[in-house]
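Architecture at a glance
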Amino acid sequence: MALIEIDNLSVHFDAGDRIVKAVQDVSLQVAARESYGLVGESGSGKSTILRAICGLAPISGGTVRIGGEPLKTPRGKGFSARVQMVFQDPYSSLHPRHTIDRTLSEPLAIHGVGNTDARVVQALRDVALDPTFRFRFPHQLSGGQRQRVAIARALMLQPEILLLDEPTSALDASVQAETLNLLNRLRAERGLTFLMVSHDLAVIDHMCDRVLVMQHGRAVEELARDDLAAARMTTSYARTLFDASADRMLDGA
Amino acid sequence: MSLLSVKNLRVTFDTEAGRVEAVRGVSFTLGRERLGIVGESGSGKTMTGRSMLRLIRPPGRIEADEMRFDGIDLLRASEREMRALRGPRMAMVMQDPKYSLNPVMKVGRQLTEGLRLRDRLGAGDARKKAIEALQAVQIRDPERVMEAWPHELSGGMGQRVMIAMMLIPNPDLLIADEPTSALDVTVQAEVLKILDDLVKTRGMGLIFISHDLRLVARFCDRVLVMYKGRVVEEVQAGNLMAARHPYTRGLLNCLPRIGGPREPLPSLDRSGTWAEA
């Protein structure tokens, strides 16, 4: 049985005089310990799927099951102990007036987990940050360091599933490499399951076992990693995306 | 004669914590060609671009042995002369449409403002020119975009509006600061094609600032690689794969590739002597 099962998910937003269909009839399954990618241009609905799982966007149709159980509304503590999300922009996803210590210890306090002190220090070590960062504020950190804090925060409750929404697109190439390496190491060490969104096909290819190409809120094509690398896509849109990918550009030059 | 020549450019900020040198001795010349400037955040690439237009506010200071644009000494030009250059002769497309368009002015008014004030065109003519400019950057429904507020545009649309705005006065030099980093790959390819056509058809000089080395290599003729305010290497874009400097190689290697190996990406090794102050 797959750990994440999404059947015919639809997300509609009511925008006054019209209804915006952000996601339409998307189905996908992610096995435990698998890394699954969603790729497409902005507005294709890929981030909305992650937000719908977390309850940040309404589920208008279809079902989402985690470990066989349908999602409850509100999601509740049990959900946040299993599923956590890392957002795109480390500049806006951390509370600007909370120290790193407070950001990291809040989930522990909410869930009544003890031994806060040692856990916060360990969490910083796990993402390769010096424990002296603990009492700093987000504005005293670089973008890459902030994204590490965001990842540490997501891991505080030791979830099984990480939902990653463009975790490196706000970062420099060299910092992106470090962050992707960190995510891969944590996944191997902890047996995490990733559902990752990116517009960069090369990043998705590096990180994921399977990838779903999306366009205009619909699933276009699901590709295994080998098929992607060998350019065995069957739809023209997936091929367009593949051809426009930055690292292909260099080969073509 | 080259369009732009810069010798030993330095940009310094006197802050409370002491002097910060953002650009430290950058020299280059530019003809009617596409020059790429690449580096990480904080490498001084944006500051180099802004210096050309003297758009650095105190406490920042620009110093150089020479900074000439088409025979004009940019270091000695008065503010009035600089104002006459900015726009009609040299223009800059800023990084983020969200922060660089005026949020409380409709797109149409922002586009026609320069035409009306600088070129003293009437409302009708200015509007016509603005719509033509929007069409030139492949915006399909320019009439609607003219009436839109900046927040109603997507990132790609906003970026194209900014490019259109800079191209209306037909400048000789365009400085584009990360013009495509907010865009999806498919839209990115379109915007690059627009810029490329403009360089070819109008004979414009282009400085293309980006952190994406592969993109720059594909698009530009020559690439300057910057690190900590210095140019560490200048390469012909076609020979980028043969670049020798460890920093350039590091930037190239740390990017994932489709079908590449699954091992950890090589991180940038900053232990060499080149990385020291």
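Check the entry above for the structure.
A quick note: this is a predicted structure, and the numbers were derived from the prediction, not measured.

1. Points about the interface of chain B and chain A
Across the boundary between the two partners, chain B contributes 29 residues, which contact 35 residues of chain A. When the two sides are added together, the surface that chain B and chain A hide from each other amounts to roughly 2900 Å², 59% of it contributed by carbon and sulfur. R262(B) serves as the salt-bridge partner of D209(A), at 3.8 Å between the closest nitrogen and oxygen. Our count for the contact surface shared by chain B and chain A stands at 8 residue pairs in polar contact (both at pLDDT 80 or more). Listing elements by their share of the side of chain B that touches chain A, those giving two or more residues are α8 (185–202) and α9 (213–219) of chain B. Of the residues contributing to the side of chain B that touches chain A, the split by class is 14 nonpolar, 6 polar and 9 charged.

2. A word on the environment of A189(B)
Assignment of secondary structure puts A189(B) in helix α8. In sequence terms A189(B) and E81(B) are 108 residues apart; their C-alpha atoms lie 36 Å from each other.

3. Notes on the environment of G55(A)
With respect to the helices and strands, the residue G55(A) is situated in the loop between α1 (46–54) and β4 (61–66). On the accessibility criterion, G55(A) (45% relative accessible area) is partly exposed.

4. Re unusual backbone geometry
The omega torsion of the bond from T73(A) to P74(A) falls at -10°, within 30 degrees of zero and hence cis. The residue after P58(B), namely P59(B), is reached through a cis peptide bond having omega 10°. Summarising the element assignment, P59(B) is placed in the loop between α1 (45–52) and β4 (60–63). Positive phi is not limited to glycine here, since Q158(A) has a value of about 50°. With respect to the element layout, Q158(A) can be found in the loop between α5 (143–155) and β7 (161–165). Exposure remark for Q158(A): the relative accessible area of 56% places this residue in the exposed category. Phi at N8(B) takes a positive value of approximately 55°, unusual for a residue other than glycine. Structurally, the position occupied by N8(B) is in strand β1 (residues 4–15).

Parameters and conventions
Residues numbered from 1 in each chain as written. Chains lettered and ligands numbered in written order. Predicted model: local features only at pLDDT ≥ 70, side-chain atom pairs only at ≥ 80, totals over all residues. Heavy atoms only, no water. Contact = heavy atoms within 4.5 Å. Buried area = accessible area lost by both parts, 1.4 Å probe. Salt bridge = Lys/Arg side-chain N within 4 Å of Asp/Glu carboxyl O. Polar contact = N/O pair within 3.5 Å; in protein donor to acceptor, adjacent residues only side chain to side chain. Helix = DSSP H or I, 4+ residues; strand = E, 2+ residues; numbered from the N terminus. Nonpolar A, V, L, I, M, F, W, Y, C, P; charged D, E, K, R; others polar. Buried < 20%, exposed > 50% of the residue type's maximum accessible area, 1.4 Å probe, protein only.

These values are about where atoms sit, not about what they do.
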